Amino acid sequence: NKSITNISVSPNPFIIGKDEGITITNFPSNTTIQVITLKGKVVKEFKLTEQSSILNWDGRDKYGNYLNTGIYLIAGFSKEKKSGISKLAIIRN
């Protein structure tokens, strides 16, 4: 039973072109993870199954494009109506 308030993102910052991918951990199963701009736009969403508690992501948006340099929010929402949030810095070379 993991607390969704402790979402972990690694590496942070994520450097596109240098780092292979982003690992998001420390959330319970049956969680929806959203990557959100600071303006509130959801650029990527993952609906995870009961077995998932680790998410590997390549830094691409829902259209397959790498995200631009900036700060993003990683938000998690579980079926138990709990939520958590973390920050992620992305640097695009």
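First things first, this report covers the structure right here in the doc. The structure displayed is predicted, hence computed values, not measured ones.

**Things to note about the environment of Ser-78**
Logical step 1: As for its placement among the helices and strands, Ser-78 is situated in strand S7 (residues 70–78).
Logical step 2: On a C-alpha basis, the gap between Ser-78 and Ile-91 in space is 29 Å, while along the polypeptide they are 13 residues apart.

**Re the sheet that holds strand S8 (residues 83–92)**
The strands that make up a sheet are held in pairs by hydrogen bonds between backbone atoms, and each pair lies either parallel or antiparallel.
Logical step 1: Spatially, S2-S8-S7-S4-S5 is the arrangement adopted by the five strands of the open sheet, whose pairing is mixed. Only two strands of the sheet have a single neighbouring strand rather than two, namely strand S2 (14–16) and strand S5 (42–47). Between one strand axis and the next, the sheet turns through 25° on average, direction left out of account.
Logical step 2: Summarising the sheet, S7 and S8 pair through eight bridges and their orientation is antiparallel. Its bridge partner lying in S8, Gly-70 is registered against Ile-90.

Rules and cut-offs
Residues numbered from 1 in each chain as written. Predicted model: local features only at pLDDT ≥ 70, side-chain atom pairs only at ≥ 80, totals over all residues. Heavy atoms only, no water. Helix = DSSP H or I, 4+ residues; strand = E, 2+ residues; numbered from the N terminus. Pairing = 2+ DSSP bridges. Axes fitted to C-alpha atoms, helices over the stretch in contact; angles between N-to-C directions.

The analysis is restricted to geometry; functional conclusions fall outside its scope.
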